2 protein chains.
Amino acid sequence: MLQVNASIMTIGDELLIGQTIDTNSAFIGTELNKVGIWVTKRVAIGDVKKDILNTLKSLAIESQIVIITGGLGPTADDITKPTLCEYFGSRMVTNEGALQNVKDIFSKLNRPLIPRNLTQAEVPDNCIVLPNRRGTAPGMWFEKDDVIYISLPGVPNEMKGLMMHSVIPELQKKLRLPAVVHKTLLTSGVGESTIADRVEDFENSLPSYIKLAYLPAYGLVRLRLTGRGSDKNVLEKELNDQFIRLQSLVNEWMVAREDISLQEALSKLLREKNSTLSTAESCTGGYIAQLITSIPGSSSVFNGSVVAYANEAKEHLLSVRHETLVKYGAVSEETVCEMLNGSLQHLNTTFAIATSGIMGPDGGSDEKPVGTVWIAVGNKKEVKAVKHFFRFDRQRNIELAAHAAMTMLFRFVNEQQNYH
Amino acid sequence: MLQVNASIMTIGDELLIGQTIDTNSAFIGTELNKVGIWVTKRVAIGDVKKDILNTLKSLAIESQIVIITGGLGPTADDITKPTLCEYFGSRMVTNEGALQNVKDIFSKLNRPLIPRNLTQAEVPDNCIVLPNRRGTAPGMWFEKDDVIYISLPGVPNEMKGLMMHSVIPELQKKLRLPAVVHKTLLTSGVGESTIADRVEDFENSLPSYIKLAYLPAYGLVRLRLTGRGSDKNVLEKELNDQFIRLQSLVNEWMVAREDISLQEALSKLLREKNSTLSTAESCTGGYIAQLITSIPGSSSVFNGSVVAYANEAKEHLLSVRHETLVKYGAVSEETVCEMLNGSLQHLNTTFAIATSGIMGPDGGSDEKPVGTVWIAVGNKKEVKAVKHFFRFDRQRNIELAAHAAMTMLFRFVNEQQNYH
């Protein structure tokens, strides 16, 4: 079985000085991995000719495929194309297809076409042009000394289109790739170490061609089994058996037996139960609502949210009693339970989530320090409220509170089932 | 003047197969850059001993500082520490301070301490331990042949704490660093090429020690001037003068003359005008509310939001008339204007934003294709509504709609000023 190694090279000062987060490499790595190409190295360098040339040379020694992104934009600091010309010994020519694409895009956007944009259609004469349907900079495919080099624009949406429509299918056609199978499950509310201890014997007993990976993020831990081999059917059967063993070990913490987000797992469960959800959010400020509405088709389970940041909004839109706010404060069990009932009532849903807390950095007191969050979940018959304490910065506290709230509702909905 | 070069090395298969997006490198790059250390390369490799050793060697040739993150977690696939031992010729010892820290954290979290966690306190005997106040894995500082190597945990919050409290202050103490000054402004609603054309002469006239960078993201473009030199005062004066020239060139598109987000620029403007904001969100699903509430202290300008996903919620919580929804549909000028008025009324604010659209991938029609979004902004006296068409995927359409809506309100609030 052939092991195909790839490396990813990203070009641009903006990646080195941290103004841009490199999401492209993650996407490229995921897609290559899915078809059995192993990414062994990722290198980011600046818009410096010498560094581009040296990195191309050194990556070509260890990889059969080098994917290059960035450095193709219309502004002055882009030197990637001239440097590729030098590396591949080519000269720049205008590609007619790419030129027509630039013209079409500008006429569709109704923006004036300036000379700077026309240079986007120029490419080295010894590359195969990969048409970019989403933008002006075409992809370029080079081959030299048995190494494939693919240069893609750095704009994520354009890079993704080129990867899915050109790069992956062409690589599959060209190379004999191994079978790769993944199986992923999602746990919530438990630490990586505790899981690792529970599955230690299982992990040690795995055959060498199956690997277990832990992928922790904000109170969630994904567990992924990856198998590689030559016979896809044999591999799938073995991986399925191991995945069932793994599930039984972590069952109490599992929220999904597939590679989906917590909000997708929750939406799916609600859909299965023909149920609807609303949220009443104070401290999470709409974060839960936007997570759920980020899922296509979420309107079938999600009616809406009242983001009641001001106390006045809690009273007016969620029917929280003025006396409750005065007596117990906004961050209290009493308030969060009334918010929950208001959400169930005014948004007319089966279930609801309510949050109220102090996310920081200011606004804490001795009695209610920064990080104190009350979360309630429930339906018209039963409400559960829990006080949490998150000890991180504002944004992370919001994310942790949102995950804790969705996990709590997930378990609440599941328990309901057992009594009906 | 000494030019100090650094490189960043991230370790972990999860980065190569794309399950984790590398936000750490961006943070590290930003913070090093601020104190005058130039990051020339970033390399990500897997949990493979040979690759770690080779990368350490090759980065040490071109950099005075190598920052290493990841590979320090408690699960089995971590081989970073033994490999560092080999590279630096050290043996592993338990560090008493780090051990106490592990014990303190577990007792505070009230979680059982298992042997796996205790190994977190083991470090190579020839490093300086950098205490981690936010987690169990300590930072480690090594020096070898005039190169500084710093190993940090991969958990972003822990890495950030170590960078800010230990790494940056220690590097500043140890090295004689150049002065670096940045000035950034934010534009909205204009393309990178159009700006580039406008500022071309300006850019060409800049002295060699001042650089202009374009940082585009979702309908916004940041422009940043960076100056480097030996005399901070001279540099600041020169950079200020150039920054004023740049502002005058792009004034019509500028929403902030500092390095802040669009939501921060909008919140600031509202605070200056002693005004408040609410949102009525359908297609953006709470995304605008969560952007605004992600800013500390946003409660002084933001009362709340009604995320009215279901039509019933639009009627009940925003007083949109049933006949309007029947006659014009949810995605229409009429509905979005009534949503806006409902938001102003029920959330009792000076200004409001309302959105209604079809974000995809499904739900479009010939008349209202996927990507159609109506946005309204206004106050009790005047409402403006505009139809947009976004042509990307769901998540990007949501982000673009949110930015377009906040930009529209920003300009609306600014125009109000001119008439009073």
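These remarks concern the structure in this document. (Residues numbered from 1 in each chain as written. Chains lettered and ligands numbered in written order. Predicted model: local features only at pLDDT ≥ 70, side-chain atom pairs only at ≥ 80, totals over all residues. Heavy atoms only, no water.)

1. Remarks on unusual backbone geometry
Look at the link from G360 of chain A to P361 of chain A: it is a cis peptide, with omega at 0°. Locating P361 of chain A in the fold gives a position in the loop between β15 (351-357) and β16 (372-378). Phi is positive for N274 of chain A, which is not a glycine, with a value near 50°. Its place among the elements puts N274 of chain A in the loop between α10 (262-272) and β13 (277-281). Exposure remark for N274 of chain A: the relative accessible area of 72% places this residue in the exposed category. Positive phi, close to 50°, is recorded for D145 of chain B, a residue that is not glycine. Inspection of the secondary structure puts D145 of chain B in the loop between β7 (139-144) and β8 (147-152). (Helix = DSSP H or I, 4+ residues; strand = E, 2+ residues; numbered from the N terminus. Buried < 20%, exposed > 50% of the residue type's maximum accessible area, 1.4 Å probe, protein only.)

2. Let's talk about helix α2 (residues 24-34) of chain B
Residue and element names in this part refer to chain B. Taking burial as the measure, the 11 residues of α2 include nine buried ones, the bulk of the element. Among all positions in α2, only N24, S25, A26, F27, I28, G29, E31, L32 and N33 are buried. Looking at the residues trailing α2, positive phi occurs at G36, about 90°.

3. Things to note about the nonpolar core
If you look at the biggest cluster of nonpolar residues, it comprises 80 residues, and the most contacted ones within it are L409 of chain A together with L409 of chain B. Residue contacts for L409 of chain A: discarding those within four places in its chain leaves L266, L277, F351, A352, I353, V377 and G378 of chain A. In terms of nonpolar packing, the next biggest core, distinct from the first, is built from 44 residues, L59 and M140 of chain A together with V66 and L72 of chain B among them. (Core = buried A, V, L, I, M, F, W, Y, C linked by side-chain atoms within 4.5 Å. Contact = heavy atoms within 4.5 Å.)

4. Observations regarding the sheet that holds strand β9 (residues 179-188) of chain B
Strand pairing within a sheet occurs via backbone hydrogen bonds; the two strands may be parallel or antiparallel. Residues and elements named next belong to chain B. Strands sit in the order β10-β11-β9-β12 across an open sheet of four strands; the sheet is antiparallel. Both edges of this open sheet fall to β10 (210-217) and β12 (254-256), since each of them pairs with a single strand only. With strand direction ignored, the average angle separating the axes of adjacent strands in the sheet is 30°. As paired elements, β10 and strand β11 (residues 220-229) share eight bridges and run antiparallel to each other. Across the sheet, the residue bridging to A213 is R224, located in β11. (Pairing = 2+ DSSP bridges. Axes fitted to C-alpha atoms, helices over the stretch in contact; angles between N-to-C directions.)

5. Quick look at the packing of aromatic side chains
For any pair of aromatic rings, the description consists of the separation of the ring centres together with the inter-plane angle of the planes. All names here are of chain A. The tally for this structure, following the rule as stated, stands at 12 aromatic pairs over all chains. Aromatic pair Y87 and F88: ring centres 4.9 Å apart, planes at 90°, arrangement edge-to-face. When its relative accessible area of 10% is taken as the criterion, Y87 is described as buried. Seen in terms of ring centroids, F88 and F142 are 4.0 Å apart; in terms of plane orientation they differ by 0°. Their pairing is stacked. Of this pair, F88 sits in helix α4 (residues 80-88) while F142 sits in strand β7 (residues 139-144), placing them 54 residues apart in sequence. (Phe/Tyr/Trp six-rings, centres within 6.5 Å; stacked < 30°, edge-to-face > 60°.)

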